[in-house]
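Residues per chain are reported as follows:
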Amino acid sequence: MIKLSARGVVKSYGDVAVLKDVTVEVADGEIVALIGPSGAGKSTFLRCVNNLETVDSGHIAVDGELVGYREVDGCLEPLPDREASRRRARIGFVFQHFHLFRHMTARDNVAYGPREVLGESTAAARGKALSLLDRMGLTGREHHYPHELSGGQQQRVAIARALAMDPSILLLDEPTSALDPELRVEVANVIRELARDRRTMLIATHDIPLVEEIADRVVFLVDGRIVEEGPAAKLLHEPGHDRTRAFLARMTG
Ligand code: ADP
């Protein structure tokens, strides 16, 4: 079953075309890595999938439902806020810079969505938060505020927060790149574990060793266009394009 279907996505900021006809599919249980030089449009693409940005043209659907729009008489119209929020709640998003609620403890950051968006009781939402924080190796940090946590710990809280919504797909935007190497390992370990559980993920990252370990498929994006995509082992070791080869040599050399 296809979890994410993004077809012909086009997005510009003013005169600058950032995504030029990007088509990506992610199947249930599949882990797809989006790689490419800075400025390629990886983050913009993830933001379009999550409806944090509107697309100029193209279709994005999660679980077969359009994201942010509905089709009426063959035309797309923006969804009412309530319905847009309901659909967005099914898409987990992990940001490079964590974006935790600063005034909430780790537990309350994770419990917020289940309580406020899914309507779970406070007790149930907190219970879920504690068990997810435990899974992230954060037992003992539940009552810490973000500023009392390291970057790696904050990112793990952010991952727990995304998982608390039981998302259909988890989007991760450079989840390890704001972190020092030793903290990066903690976050990579958590992502590795999610991959072992076959959590459906689309991850934008420069961490090629992590991609090699966890990704089923890799999409290589340059200047808003897909240059090459394919099974991870093939693309990383026998790329079909010079640009892919040159990029990988730069990243791993
Ligand atoms: P990547 O994640 O691959 O590094 P981004 O999606 O962040 O690439 O950026 C792609 C291009 O879009 C860059 O040239 C960037 O400057 C531009 N861009 C991203 N966000 C905005 C914005 N809000 N306004 C204008 N330009 C933007």
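Residues numbered from 1 in each chain as written. Predicted model: local features only at pLDDT ≥ 70, side-chain atom pairs only at ≥ 80, totals over all residues. Heavy atoms only, no water.

Participant: Explain the overall build of the protein to me, and be specific about the residues and the numbers.
Facilitator: Each helix and strand in the protein was counted, giving nine helices and twelve strands. A compact globule built from 253 residues should have a C-alpha radius of gyration of about 18 Å, and the protein, at 18 Å, falls within 12% of that. Counting only C-alpha atoms, the protein reaches 50 × 50 × 35 Å along its principal axes. Counting the 253 residues in the protein, one finds 52% classified as buried. Long-range pairs, those at least 24 residues apart, make up 64% of the contacts in the protein with a sequence separation of at least 6. Looking at the protein as shown, the accessible area adds up to about 11,700 Å², and 48% of this sits on carbon and sulfur atoms. In the protein, 32 positive and 37 negative side-chain charges are present, and the distance between their average locations comes to 2 Å. (Helix = DSSP H or I, 4+ residues; strand = E, 2+ residues; numbered from the N terminus. Rg over C-alpha atoms; globule rule 2.2 N^0.38 Å. Buried < 20%, exposed > 50% of the residue type's maximum accessible area, 1.4 Å probe, protein only. Contact = heavy atoms within 4.5 Å. Areas by Shrake-Rupley, 256 points an atom, 1.4 Å probe, with all protein chains shown as cover. Lys, Arg positive; Asp, Glu negative; His and termini not counted. Charge placed at Lys NZ, Arg CZ, Asp CG, Glu CD.)

Participant: Please set out the domain arrangement of the protein residue by residue, giving values where relevant.
Facilitator: The parts lose accessible area when they come together, and the size of an interface is often stated as this lost area. Segmenting the protein into domains produces domain 1 (2-90 + 169-252) and domain 2 (105-166). Here the C-alpha centre of domain 2 lies 24 Å away from the C-alpha centre of domain 1. The partner domain 2 presents 14 residues to the 13 residues of domain 1 that form the contact. Its largest share of buried area at the contact with domain 2, domain 1 owes to Ala89, Val190 and Arg199, together 34% of the area lost on that side. Residue Arg156 is joined to Glu186 by a salt bridge in which the shortest nitrogen-to-oxygen separation is 2.8 Å. Where domain 1 packs against domain 2, one counts three residue pairs in polar contact (both at pLDDT 80 or more). Along the lines of polarity and charge, the residues of the side of domain 1 that touches domain 2 split into nine nonpolar, no polar and four charged. (Domains from an automatic or database assignment. Buried area = accessible area lost by both parts, 1.4 Å probe. Salt bridge = Lys/Arg side-chain N within 4 Å of Asp/Glu carboxyl O. Polar contact = N/O pair within 3.5 Å; in protein donor to acceptor, adjacent residues only side chain to side chain. Nonpolar A, V, L, I, M, F, W, Y, C, P; charged D, E, K, R; others polar.)

Participant: Pulling in residues and values, what's your account of the pattern of salt bridges?
Facilitator: Inspection of the entire model under this criterion finds 22 salt bridges. The partner of Arg86 in a salt bridge is Glu83, and the shortest N-O contact between them spans 2.7 Å. Pair noted here: Arg86 and Glu83 are both in helix H2 (residues 81-88), with a separation of three residues, about one helical turn. Judged by relative accessible area, which is 22%, Glu83 ranks as partly exposed. As a salt-bridge pair, Arg115 and Glu116 come within 3.4 Å of each other at their nearest N and O atoms. Classification of Arg115 by relative accessible area gives partly exposed; the value is 24%.

Participant: Which residues make up the environment of Arg141, and what values go with them?
Facilitator: Of note, Arg141 is situated in the loop between helix H4 (122-135) and helix H5 (151-163). Taking the C-alpha atoms as reference points, Arg141 and Ala40, 101 residues apart in sequence, are found 37 Å from one another. For Arg141, the residues in contact, after removing those within four places along its chain, are Ala106, Leu149 and Gln153.

Participant: Help me get a handle on helix H3 (residues 106-116), residues and values and all.
Facilitator: For H3, every residue scored as buried is listed here: Ala106, Arg107, Asn109, Val110, Ala111, Gly113 and Pro114. Where the residues of H3 are buried, they touch H4 and H5.

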